[in-house]
Amino acid sequence: MKPDFTRKLLQWNKSSNTRAMPWKGEKDPYKIWLSEIILQQTRVEQGWSYYEKFIAAFPTILHLARANEEKVFKMWEGLGYYSRCKNLIATARTIASEYKGKFPNTYDQIEALPGIGPYTASAISSFAFNAPHAVLDGNVQRIIARYFGITTPIDTTAGKKLFQTLAQSLLHHDEPGIYNQAIMDFGAVICKPQNPLCSDCVQKKECEAFKQNAVTQLPVKQKAIVRKERWFYYFIIECKGKWYIRQRTGKDIWENLFEFVLFESPAAVEDLTVKLPFLKKLVNGQACQIESISRMYRQQLTHQTIHGRFVKLKVQEALPALNHFLLIDKKQLSEYAFPRFITTFLGEPAPPAQLF
DNA sequence: AAATCGGGGTA
DNA sequence: TACCCAGATTT
């Protein structure tokens, strides 16, 4: 017995859903997987061009598995959540070696791969293999919370369990892939976070939130976001025509991306000349010519606000304190993946020369 | 269970 | 500014 919700959703999908995306209807598990990783916590419009770029560069999972890691990161540059990229490469290589390049076809095998959790495993296994697993993403959580009028927070253990159970109960078992695609499209197009199109909605007669005029209050989230302020001062140090860069390694933002010489301060720094102890220690008495100090940059992320400036300077001799850095040609800069905070600066015209 | 991991669009 | 986005992983 098909729930009324399911029947109406599929009817809406057939008659009115015009949403088109490059990966929609795709049956190649590699392409489905790639699109799903790109789209984790990422809007479709934002991920779209990355998907096309990746498919063009790596037509099959074996192409991706063989690719140079830094080249893949460069292609991911700007998309955020860079552990996705690390896991993307790891999974491609695992499938190449452990599965002879053939994507596994069961939910459990898929979910065991790095970077793939319950949502992505459900999406891949239903789209590619017609496995009966209901997806639970932000769209589905919102639809279910509103349709059933559920005030249990979605970001709690109890909430996740409840919503997953309800999502599964609504699944259309004959065509799980089509159903899963339809419910996400429905959430994106009709049951939107803001300004949902309730008057056009085929579910409005049964929707508890609509009946109680509580649509805008659902779903409920428990945790509020806490933001941390950080000040990043980057020193772009040129030596004999080359620049010092390094790869970020710590368990921190932008892991695996490249950066210049960083001085992070617990608060704003006024004097960025050689009087700054960090810089003084770095050049260790060597003559040092400061070429420019940038404007104040600010980037708002989900959990932190980054403030900072870029200081360009030249030294004549290599700095022993930077032994573990790479010294690269300016032309090679475009081969390395940098955070947006840095590429934004690099993309802006240089200010007129100044004396310090 | 809570904290983190980016970046960008929208109201 | 606050919230959200085809979530996953670590602490």
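All of these numbers come straight from a predicted model, not from anything done at the bench.

Enquirer: So what's going on with the protein's contact with DNA strand C? Residues and values would help.
Expert: Around DNA strand C sit 30 residues, and of these Trp23, Leu39, Gly115, Thr120 and Arg142 come closest. Close to the protein, within 4 Å, the atoms of DNA strand C are drawn from sugar and phosphate at a rate of 66%. Between DNA strand C and the protein, one listed contact pairs a base nitrogen with a side-chain N or O atom of Arg19 at 3.5 Å. In the environment of DNA strand C, a phosphate oxygen lies 2.8 Å from a nitrogen or oxygen atom belonging to the backbone of Gly117. Mapped by element, the contributors of at least two residues to the surface near DNA strand C are helix H2 (29–39), helix H8 (118–129), helix H9 (138–148), helix H11 (176–189) and strand S6 (297–300). Here the residues of the surface near DNA strand C are counted per class, giving 11 nonpolar, 10 polar and 9 charged.

Enquirer: Help me get a handle on the protein's contact with DNA strand B, residues and values and all.
Expert: Taken together, 22 residues are adjacent to DNA strand B, and Tyr82, Thr157, Ile253, Trp254 and Arg340 come closest. Taken together, the sugar and phosphate atoms account for 58% of what DNA strand B places within 4 Å of the protein. A distance of 3.0 Å separates a base oxygen of DNA strand B from a polar side-chain atom of Tyr81. Looking at the surface near DNA strand B residue by residue, the class counts come to 7 nonpolar, 12 polar and 3 charged.

Enquirer: Mind laying out the side chain of Gln181, listing which residues take part and the relevant values?
Expert: The topology assignment puts Gln181 in helix H11. One polar contact links Gln181 to Asp185, side chain to side chain, over a distance of 3.0 Å. If we skip the residues at most four places from it in the chain, Gln181 touches Met21, Lys24 and Phe127.

Enquirer: Explain the domain arrangement of chain A to me, using residue names and the numbers behind them.
Expert: Where interface size is quoted, it is often the accessible area lost as the parts come together. When cut into domains, chain A gives domain 1 (4–217) and domain 2 (228–346). Computed from C-alpha atoms alone, the centre-to-centre distance between domain 1 and domain 2 is 38 Å. Of the residues lining the interface, 8 residues belong to domain 1; the matching set on domain 2 comes to 13 residues. Counting the surface lost from both domain 1 and domain 2, the interface buries some 870 Å², and carbon and sulfur atoms represent 55% of this. Across the contact surface, domain 1 and domain 2 share 0 salt bridges. Summed over the shared surface of domain 1 and domain 2, the result is 3 residue pairs in polar contact (both at pLDDT 80 or more). Among the residues forming the side of domain 1 that touches domain 2, the class breakdown is 3 nonpolar, 1 polar and 4 charged.

Enquirer: Explain the nonpolar core to me, using residue names and the numbers behind them.
Expert: Core analysis: the largest hydrophobic core is formed by 95 residues, its most contacted members being Trp33, Trp76, Ile183, Tyr234, Trp254 and Phe260. The leading source of residues in this core is H2, at 7 residues. Looking at this core, you find at least three residues from each of domain 1 (4–217) and domain 2 (228–346). For Trp254, the contacting residues outside a window of four places in its chain are Tyr82, Phe232, Tyr234, Arg248, Gln299, Leu301, Ile306, Pro339 and Phe341.

Enquirer: Provide a residue-level description of the packing of H9 against H11, including the pertinent values.
Expert: For any two helices packed against each other, one specifies the inter-axial angle together with the distance between the axes. At their nearest, the axes of H9 and H11 sit 8 Å apart, and the two run at 75° to each other. What the angle tells us is that H9 and H11 run roughly perpendicular. Contacts from Asn139, Val140, Arg142 and Ile143 of H9 reach H11 at Ile183, Met184, Phe186, Gly187 and Ala188. Each residue belonging to the contact of H9 with H11 can be placed in one class, and the counts come to 6 nonpolar, 2 polar and 1 charged.

Enquirer: Residue-level account of unusual backbone geometry, with values.
Expert: Backbone geometry follows two general trends: most residues other than glycine have a negative phi, and most peptide bonds adopt the trans configuration. The peptide bond linking Leu218 to Pro219 adopts the cis configuration, its omega dihedral lying at 0°. By the secondary structure assignment, Pro219 is in the loop between helix H12 (208–211) and strand S1 (228–239). Positive phi values are uncommon outside glycine, yet Lys240 reaches one of about 55°. Along the chain, Lys240 falls in the loop between S1 and strand S2 (242–247). Non-glycine residue Asn284 carries a positive phi angle of around 50°. We classify Asn284 as exposed; its relative accessible area is 66%.

Enquirer: Quick rundown of the UniProt feature "domain: HhH-GPD" (unreviewed entry) in chain A? Include the residues and the values.
Expert: As recorded in UniProt, the sites labelled "domain: HhH-GPD" (unreviewed entry) are residues 38–189. Taken end to end, residues 38–189 has its terminal C-alpha atoms 20 Å apart, with 67% of it in helix and 0% in strand.

Enquirer: If you had to explain the pairing of S1 to someone new, which residues and values would you point to?
Expert: By the criterion of burial, S1 is predominantly enclosed, with 9 of the 12 residues buried. Bridge count between S1 and strand S7 (residues 304–315): 12 bridges; the pairing is parallel. Directly across from Tyr233, in S7, lies its bridge partner Arg309. Judged from the 5 bridges that link them, S1 and strand S4 (residues 261–265) form a sheet pairing that is antiparallel. Note that in S4 the partner of Phe232 across the bridge is Glu264. Sheet topology note: the S1/S2 ladder contains 2 bridges and is antiparallel. Note on S2: the bridge partner recorded for Cys239 is Lys242.

Enquirer: Got a sec to walk through the pattern of salt bridges? Specific residues and values, please.
Expert: Scanning the model with the defined rule gives 21 salt bridges in all. The partner of Glu264 in a salt bridge is Arg230, with the nearest N and O atoms 2.8 Å apart. Residue Glu264 is located in strand S4, and its partner Arg230 is located in strand S1; the two are separated by 34 residues in the primary sequence. The class for Glu264 is partly exposed, based on a relative accessible area of 34%. The exposure class assigned to Arg230 is buried, which follows from its relative accessible area of 7%. For Glu348, the salt bridge goes to Arg295, with nearest N and O atoms at 2.9 Å.

Conventions and cut-offs
- For every chain, the first residue of the written sequence is number 1, and numbering continues from 1 onward in sequence order.
- Going through the entries in the order they are written, you letter the chains from A and number the ligands from 1.
- Local features in this predicted model are restricted to residues of pLDDT 70 or higher, and side-chain atom pairs are both shown and tallied only at a pLDDT of 80 or more, whereas totals for entire chains, interfaces and linings draw on every residue.
- With hydrogens and water excluded, all non-hydrogen atoms of the structure serve as input to the side-chain values.
- Here a residue is considered near a molecule or strand provided that any single heavy atom belonging to it is located within 4 Å of it.
- Pairs of N or O atoms are called polar contacts if they sit within 3.5 Å, as long as, within protein, a hydrogen donor faces a hydrogen acceptor (for residues adjacent in sequence, only side-chain-to-side-chain pairs).
- For the purposes of this entry, the term helix denotes a DSSP run of H or I that reaches at least four residues, the term strand denotes a run of E that reaches at least two, and both are numbered from the N terminus.
- Residues are grouped as follows: nonpolar covers Ala, Val, Leu, Ile, Met, Phe, Trp, Tyr, Cys and Pro; charged covers Asp, Glu, Lys and Arg; every other residue, Gly included, is treated as polar.
- Note on contacts: a residue pair qualifies if any of its non-hydrogen atoms lie within 4.5 Å across the two residues.
- Either an automatic procedure or a domain database provided the assignment from which the domain bounds are taken.
- Buried area: the sum, over both parts, of the accessible surface (1.4 Å probe) that disappears when the two are put together.
- By definition here, a salt bridge exists when the distance from a side-chain nitrogen of Lys or Arg to a carboxyl oxygen of Asp or Glu is within 4 Å.
- Residue types Ala, Val, Leu, Ile, Met, Phe, Trp, Tyr and Cys, when buried and joined through side-chain atoms within 4.5 Å, form a set referred to as a nonpolar core.
- Remark: exposure states derive from per-residue accessible area (1.4 Å probe, protein chains only) relative to the maximum for the residue type, with buried under 20%, exposed over 50%, and partly exposed in between.
- Axis definition: a line fitted to C-alpha atoms, limited for helices to the stretch in contact. Angles are taken between N-to-C directions and run from 0 to 180 degrees.
- Should an angle fall under 35 degrees it is taken as roughly parallel, and over 145 as roughly antiparallel, whereas 65 to 115 is taken as roughly perpendicular and any remaining angle as oblique.
- UniProt positions are given in the numbering used here, feature names are shortened, and annotations may be inferred rather than shown by experiment.
- Pairing between strands is defined by DSSP: at least two bridges between the two strands are required.

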